[in-house]
Amino acid sequence: MNAVADKHIEASSAQERGLLRFITAGSVDDGKSTLIGRLLFDSKGIFADQLDAISRARHKRTVGDMIDLSLLTDGLEAEREQGITIDVAYRYFATPKRKFIIADAPGHEQYTRNMVTGASTADAVIILVDVSKVKLTDDGKAELLIQTKRHSTIAQLLQIEHVIVAVNKMDLVDYDRTVYDRIVASYQEFAATLGLKDIHTIPMSALAGDNVVVRSEKMDWYQGPTLIELLESISVYDDEHAAALRFPVQLVARHNGHEANDFRGYMGRIEAGSVKKGDKVTVQPGGQSATVKDILTLEGSLDSASAGKSVTILLDEYVDISRGDMLVAADAPAKVVKNFTADVCWLSEEPLDLRRKYWLKHTTRQVAAKVTGIESLLDINTQQRQEGGELKLNGIGRIALTVQQPLAADGYDQMRATGSFILIDEISHQTVAAGMIRFD
């Protein structure tokens, strides 16, 4: 009995220490790219030719023979010339304990939309705070930068579970614990207003390597984990495995349409829950009932499959199913709606215009949509919602929408995959907003 229990614990621990996707965020020149470069360099995650290339780079920002590690992620020529990050750069590395995918997001406010893109699939966010830019106030606190508040707000809206506050460039304040404590106290006070819960703070110097992979000898007053130790230990157990089945249909597969016994399968990725042969499912938004006959993959037939698996599902009954429909658990269906509210981050340089028409893309379904009103705008500084005003580039607001055809959706706080969408301008075909459905 104990051996079985131990095996179950080991399996659960291994699942919780699976692939970790995290994003770095912060203000301009907070050291995000340098931090990622340091992680890659100290964890032996770069090749010799990469190291040689950045050591000979034209746009170095370091003194003498010191390698500019930020160039490992600032791949665009414009970024290297300006010394800033513009696009979201993705990097992969691994340690003996875990595999990682890093997204290095830009710090400029004008690239907030890029940060939203990178954060949408993240399990954790590292928010860098540059101690040299934080103003210490007379009341013993610290004045956080607007981008720190903006990125924390986006992390809360996107429901990123783990928040790591990396207080960077501690070498510039002689590793002073008092400065660190005041910044941490101010951030925790701000995070409480957002409702962020799992917050970790680490003092570090990405340039010098203090507390990134190697523990700092200059901050012996800090007894917590290094950044890599924390990243290796964070739990990423996916709640979507325990949720009800959500299977958006991407493609209806047929072998030979003119035969009476023609193969008819429904291809897609299981976004939440699990499915097994014999399960009763409902086709939404239509509402037809069906029974799972078989689950196919390239390797053959499966008895069951769970969230994250791409499969082809065969049904016992012949039902009218098209791309954009969703197979859901018969006893726990999604909500079918034509009118709903959502929090959106506006990504377009043109403000939201209620007279315009949009396409709304939700899972594999695309429908015509209209924004019927702006309920409120979120003030990043005060966290207060204000009525009235325009929703402009990088602004966050709550809007009301009407769609031409019904959607089978969940609230974003219940299920990220089926509670999120994008808005596409009908004329320019540009993505203008990323949204999170709210059923209050």
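The structure we're discussing is the one just above.
Since the model is a prediction, treat every value here as computed from it, not as a measurement.

Rules of the game
Residues numbered from 1 in each chain as written. Predicted model: local features only at pLDDT ≥ 70, side-chain atom pairs only at ≥ 80, totals over all residues. Heavy atoms only, no water. Helix = DSSP H or I, 4+ residues; strand = E, 2+ residues; numbered from the N terminus. Expected span 1.5 Å × (residues − 1). Buried < 20%, exposed > 50% of the residue type's maximum accessible area, 1.4 Å probe, protein only. Arc of directions from axis to C-beta. Contact = heavy atoms within 4.5 Å. Polar contact = N/O pair within 3.5 Å; in protein donor to acceptor, adjacent residues only side chain to side chain. Axes fitted to C-alpha atoms, helices over the stretch in contact; angles between N-to-C directions. Left-handed = near helix turned anticlockwise from the far one by under 90°. Nonpolar A, V, L, I, M, F, W, Y, C, P; charged D, E, K, R; others polar.

*Asks:* Would you mind showing me how to read helix H7 (residues 177-194) here?
*Replies:* End to end, H7 covers 26 Å across 18 residues, agreeing with the expected 26 Å (1.5 Å per residue, within 8%). If you check which residues of H7 are buried, you get Val179, Tyr180, Ile183, Val184, Ser186, Tyr187, Phe190, Ala191 and Leu194. Along the long axis of H7, the arc covered by the buried residues comes to 170 degrees, so they all point the same way. In H7, the exposed positions angled more than 90 degrees off the buried face are occupied by Ala192 and Thr193. Check the buried side of H7 and you find it contacts strand S4 (124-130), strand S5 (135-136), strand S6 (142-143), helix H6 (146-157), strand S7 (162-168) and strand S8 (198-203). Two to three positions downstream of the cap, the backbone nitrogen of Thr178 sits 2.9 Å from a side-chain oxygen, assigning the N-cap of H7 to Asp176. Downstream of H7 by a residue or two, Gly195 has a phi angle that is positive, lying close to 95 degrees.

*Asks:* I tried to follow unusual backbone geometry on my own but got confused; where do I start?
*Replies:* Backbone geometry follows two general trends: most residues other than glycine have a negative phi, and most peptide bonds adopt the trans configuration. A cis amide bond links Gln284 with the next residue in sequence, Pro285, at an omega value of 10 degrees. Phi is positive for Tyr175, which is not a glycine, with a value near 55 degrees. With respect to the secondary-structure elements, Tyr175 resides in the loop between S7 and H7. The phi dihedral of Asn211 is positive, around 65 degrees, even though this residue is not glycine. Its place among the elements puts Asn211 in the loop between S8 and helix H8 (227-233). On the basis of relative accessible area, Asn211 is assigned to the buried category, the value being 0%.

*Asks:* Even after reading the chapter, I still don't get the packing of H6 against H7, so can you show me in this structure?
*Replies:* Axis angle and axis distance: for two packed helices, these are the angle between their axes and the distance between the axes, and together they describe the pair. H7 packs onto H6 with a crossing angle of 40 degrees between their chain directions and a minimal axis gap of 10 Å. Crossing handedness for the pair H6 and H7: right-handed. Every residue of H7 that contacts H6 at Thr148, Lys149, Ser152, Thr153 and Gln156 is listed here: Tyr187, Phe190 and Leu194. For the contact of H6 with H7, the per-class residue count stands at 3 nonpolar, 4 polar and 1 charged.

The analysis is restricted to geometry; functional conclusions fall outside its scope.
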